[in-house]
Each structure stands twice: as C-alpha cells, then as structure tokens.
Amino acid sequence: MRGNLLGTTDKRHKHLSSTLRILPDDIIPEILVRLPASSVVKFKIVCKSWNALISSPKFASDHLHRSTADPTMTRPQLLLETDRGFGIFSVQSLFKNPSPPTEDACFQMDDDVRILGSCNGLFCLALISGNRLWESIRLWNPCTRLASDWWKIRQEGHMNWGYMYGFGYDHVHDNYKFLEGSWALGYKVHTFGSKSWTTIIQDLPFYPRQAIGKFVNGTLNWVAHTRNNSLEWVILSFDLANENCCPMSLPNMDHVDYDYSTGAYTMLGVLRNNLCVCFNENFSRLALWEMKEHGVQESWTKLLTIPREHDVPRAYEFPRLHSFRVLYIMENDDVLVVYYYSNACKLLMFNANVGQLSHPNLYKAGLLNCYVYHESLVSPSHLGLPSFLYGSTID
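Residues numbered from 1 in each chain as written. Predicted model: local features only at pLDDT ≥ 70, side-chain atom pairs only at ≥ 80, totals over all residues. Heavy atoms only, no water.

### Description of unusual backbone geometry
The condition that has to hold: Whether a residue is buried, partly exposed or exposed follows from its accessible area with a 1.4 Å probe, protein chains only, as a fraction of its type maximum: under 20%, in between, or over 50%, in that order. Secondary structure elements are defined from DSSP: runs of H or I of at least 4 residues count as helices, runs of E of at least 2 residues count as strands, and each element is numbered from the N terminus.
Positive phi, close to 70°, is recorded for Arg145, a residue that is not glycine. Judged by relative accessible area, Arg145 falls into the partly exposed class, the value being 26%. Although it is not a glycine, Asn217 adopts a positive phi angle of roughly 50°. Note that Asn217 resides in the loop between strand 14 (214-216) and strand 15 (219-226).

Here you go:
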C-alpha cells in the first residue's frame with residue numbers, strides 16, 4: 001500500500017511497530033547509525049521519535065563520523081552536472097556495469113543553478129544571473145533533498161583574471177565556508193549559519209590554474225603559480241579555520257621526462273580523503289600522485305601511469321590542450337577520470353590490471369562537470385538555516 005514503510009501492507013506495518021516497541025530506546029540509535037544514509041533517511045516515516053532522532057544534528061554528526069571511518073557504510077555517488085539538471089549514479093555500479101549503468105536519481109531545478117563545490121554530502125549551489133555571474137548561493141543535500149534559502153552574494157568578476165572559489169568544512173568552529181575572489185578584486189569568505197557573515201581576507205600572491213578549490217583536511221587547495229613566475233608551480237592551501245594560506249610543494253619532478261611548462265595542465269583531485277594530482281608528462285602519459293599525509297612533501301606517492309597510447313582519441317581539434325582529474329579509485333587501483341578538452345568534458349575509466357582505457361556510456365548533452373561525493377544526513381537546518389525540499393525528481 002502506497003505510503004507505508006517500504007511498501008508493506010497495514011498488517012505487516014503493525015507487526016513491525018510491535019517488534020520495534022520490544023527494542024530498548026538506546027539500542028535503536030546504535031542500529032540506525034550503522035546503516036547507509038540513503039536507507040536511514042527512509043526510516044523517518046516510521047514514527048515521530050525516529051523522525052526526530054534521524055533529523056537531529058547529533059545523529060547526523062555521529063553517522064557522518066562513523067561512515068567516514070567505515071568504508072563499508074559509504075555509498076560513493078557520481079553526480080553529473082548538465083545544463084538540464086543533475087544525474088546521480090552509484091560509483092560501484094558504474095565499475096561493475098559501465099554500459100549502461102543505472103541512474104539512481106535525476107533532479108531538475110526550477111532555477112538556473114551551478115555547483116560550486118561539495119563537502120560531507122552537502123553541495124554549494126549558485127544561482128546564475130543573466131550575465132552568467134552568480135548572484136546567490138545555497139546549501140543542498142541530494143540524499144535528503146533538503147536545501148537552505150538563497151543567500152545573496154554577488155560574484156564580482158568572471159572566471160578569468162585569476163578568479164578562484166571553493167567550499168568546505170571548518171572542523172574547528174563547526175561551520176561551512178565558501179571562499180571566492182581574485183587578486184584584482186579581493187577575496188571574501190562567506191560563513192553559513194543562523195547569522196551568516198562575510199569576512200574580507202588578505203591578498204593571496206598566487207595565480208590559480210583551476211578556479212575551483214579541492215577540499216581536504218580542513219583546507220581548500222589549488223594548483224597555482226606565483227604572479228612573478230609562471231613556471232613556479234605550487235599547491236596553494238587555504239586553511240578554513242584560521243583563514244590564511246600557505247604554499248605546498250608538488251611531487252618532486254626532478255627527472256628528465258617532465259616539462260615544467262606543462263604545469264598549466266596539472267589538475268588536483270581528492271582520493272581516499274587525500275589530495276592527489278594528475279600530471280600530463282611531456283604529453284606522452286598521465287601520471288597520478290597521492291599525498292598520503294597532508295602537507296608533508298615526502299608523503300607524495302606515485303600511484304600509476306597511463307601511457308599516451310591509452311589516451312583519448314586524437315581526433316579532437318587541439319589534442320595537446322587537455323587536462324585530467326581523477327574522481328575515484330577502487331581497491332584494485334581502477335580509476336574513474338574526467339577528461340577536459342576545449343569547452344567540454346568526458347568520463348574515462350582505466351583498468352590498471354590490464355592497462356585498458358574505456359569510455360562509460362554516461363555522456364549527456366550539455367555535460368558541464370562531474371563530482372564524486374558520499375551520502376550523508378547533514379542538513380542546512382543543523383546550521384540554523386531554514387531548510388525545505390528542493391529539486392524535482394525526474395522518472
């Protein structure tokens with residue numbers, strides 16, 4: 001019968017309710033906190049007490065910490081951002097059946113929105129104005145479908161001229177922040193909360209390669225070069241707690257097969273909650289490095305290399321002008337990669353055991369970007385922000 005728990009009949013629902021009353025109250029949270037977020041959120045309809053428990057900030061925080069520590073609880077999801085909405089796929093099913101994988105959900109937004117970053121299952125969305133600049137931002141959780149109200153902040157410049165932005169979690173002060181700006185216009189940090197505020201920060205003497213920063217270990221990170229030397233490439237790391245930045249070294253590339261002029265094609269990613277970087281080495285192969293311990297130069301470890309003959313077809317107009325970003329790596333070192341060329345992007349999968357590159361059948365017209373995230377129960381309401389259901393699902 002429609003509306004009952006998981007489609008059960010009234011008789012089975014009453015039997016379940018009787019069974020639940022046998023369980024001690026302190027046992028129920030211990031059971032629910034061990035289940036995937038996508039399952040737990042469905043149990044809010046069981047009764048008022050379960051709804052209150054699952055909706056509470058403490059339970060969401062406990063669930064997030066446990067799921068982060070236990071890989072068996074996580075459900076990594078791939079979100080495709082298109083000009084028509086957001087499509088969501090299970091990363092695990094994508095590796096098992098890349099052609100064609102099953103779409104878990106598809107959201108169509110009433111507004112013209114773009115994604116500015118993700119963290120702890122939350123996405124920072126921007127409302128785009130007629131001149132293609134964002135005018136407001138909001139938080140959205142695709143697992144719970146809850147979103148905050150639009151917060152009016154106006155982007156003061158286009159993505160050129162060194163513009164950079166990023167979204168992440170400040171674990172010291174327990175809040176979420178969005179950084180945006182450029183060396184020409186200045187930088188601002190917007191902090192979400194019941195009394196949201198904006199802070200002006202000091203100048204950052206670097207020019208970013210990518211506009212969007214990658215969130216790792218309480219920091220936002222960009223590949224950048226100093227303003228005075230376009231060949232001096234570093235990782236610019238911005239600490240969200242103390243709101244200052246410092247440069248970090250890229251992997252030691254002091255060998256003959258690396259050309260520093262290819263720094264412009266170096267892209268950051270996040271693997272296993274660690275920073276990673278993809279180098280296009282002499283346009284002959286893709287090299288993937290992982291920083292095992294954040295901020296420690298000696299912890300850079302080379303994971304794999306994809307030879308040029310396994311690269312994408314050379315039929316594109318500018319086959320040398322491309323970049324790669326790794327989205328996810330399996331335990332057997334198979335990787336999911338997003339490939340950027342001209343003004344488009346495409347997904348690639350590399351089987352490390354056989355050295356084979358494949359193209360999953362996921363391409364949609366108007367594909368803008370790809371994100372891998374882990375589902376959570378974190379809600380904008382936990383930050384004191386009014387929240388409501390956002391995004392209509394498409395069958």
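### A closer look at the nonpolar core
Grouped burial of nonpolar side chains is what soluble globular proteins tend to show. Heads up, the rule is: In these notes, a set of buried Ala, Val, Leu, Ile, Met, Phe, Trp, Tyr and Cys residues joined through side-chain atoms within 4.5 Å is what counts as a nonpolar core. Any two residues whose heavy atoms approach within 4.5 Å are treated as being in contact.
By size, the foremost hydrophobic cluster in this structure holds 37 residues, and its most contacted members are Trp140, Phe178 and Phe192. Secondary-structure elements contributing two or more residues to this core are strand 2 (85-90), strand 4 (113-119), strand 5 (122-128), strand 6 (134-141), strand 9 (164-170), strand 10 (175-182) and strand 26 (367-374). Top contributing element to this core by residue count: strand 5, with 6 residues. Non-local contacts of Phe192, meaning those with residues more than four positions away in its chain, are made with Cys124, Ile137, Leu139, Trp151, Phe167, Asn175, Tyr176, Phe178, Leu383 and Leu385. In terms of nonpolar packing, the next biggest core, distinct from the first, is built from 18 residues, Leu80, Met330, Val338 and Tyr340 among them.

### Looking at the sheet that holds strand 2
Hydrogen bonds between backbone groups are what pair the strands of a sheet, and the pairing can be parallel or antiparallel. To be explicit about the condition: DSSP calls a pair of strands paired once it identifies at least 2 bridges connecting them.
Ordered by their spatial adjacency, 5 strands build an open sheet running 26-1-2-3-28, and the pairing between neighbours is antiparallel. Single-partner strands in this sheet number two, and they are strand 26 and strand 28 (392-393). Relative to strand 26, strand 1 (residues 76-82) is paired through 7 bridges, and the arrangement is antiparallel. Bridge assignment links Leu78 to a residue of strand 26, and that residue is Val372.

### Describing the state of the cysteines
Heads up, the rule is: Criterion for a disulfide: a pair of cysteine sulfur atoms at a distance within 2.5 Å.
All chains considered together, the criterion is met by 0 disulfides. With no disulfide partner, Cys245 has as its closest neighbouring cysteine sulfur the one in Cys246, 7.1 Å distant. Overall, the relative accessible area of 40% leaves Cys246 in the partly exposed class.

### Observations concerning the pairing of strand 17 (residues 244-248)
In terms of strand pairing, strand 16 (residues 229-239) meets strand 17 through 5 bridges, oriented antiparallel. Opposite Ile235, over in strand 17, you have Met248 as the bridge partner. Where strand 16 folds back onto strand 17 in an antiparallel hairpin, the turn is made up of 4 residues, including Glu243, whose phi is positive at roughly 55°.

### Comments concerning the pattern of salt bridges
Selection criterion: By convention in these notes, a salt bridge is any Lys or Arg side-chain nitrogen within 4 Å of a carboxyl oxygen on Asp or Glu.
All told, the structure shown has 9 salt bridges when counted by the stated rule. Measuring nitrogen to oxygen at the nearest pair gives 3.0 Å for the salt bridge that ties Arg34 to Glu30. Exposure remark for Arg34: the relative accessible area of 40% places this residue in the partly exposed category. Among the salt bridges present, the one from Lys177 reaches Asp170, with a minimum N-O distance of 3.2 Å. You'll find Lys177 and Asp170 in the same group, each marked buried.

### A few points about the pairing of strand 20 (residues 285-291)
By the criterion of burial, strand 20 is predominantly enclosed, with 6 of the 7 residues buried. Where strand 19 (residues 274-281) and strand 20 come together, 6 bridges link them in antiparallel fashion. Each bridged residue has a counterpart across the sheet, and for Phe279 the counterpart in strand 20 is Ala287. The pairing of strand 20 with strand 21 (residues 300-307) spans 7 bridges and is antiparallel. Of the residues in strand 21, the one forming a bridge with Leu286 is Ile306.

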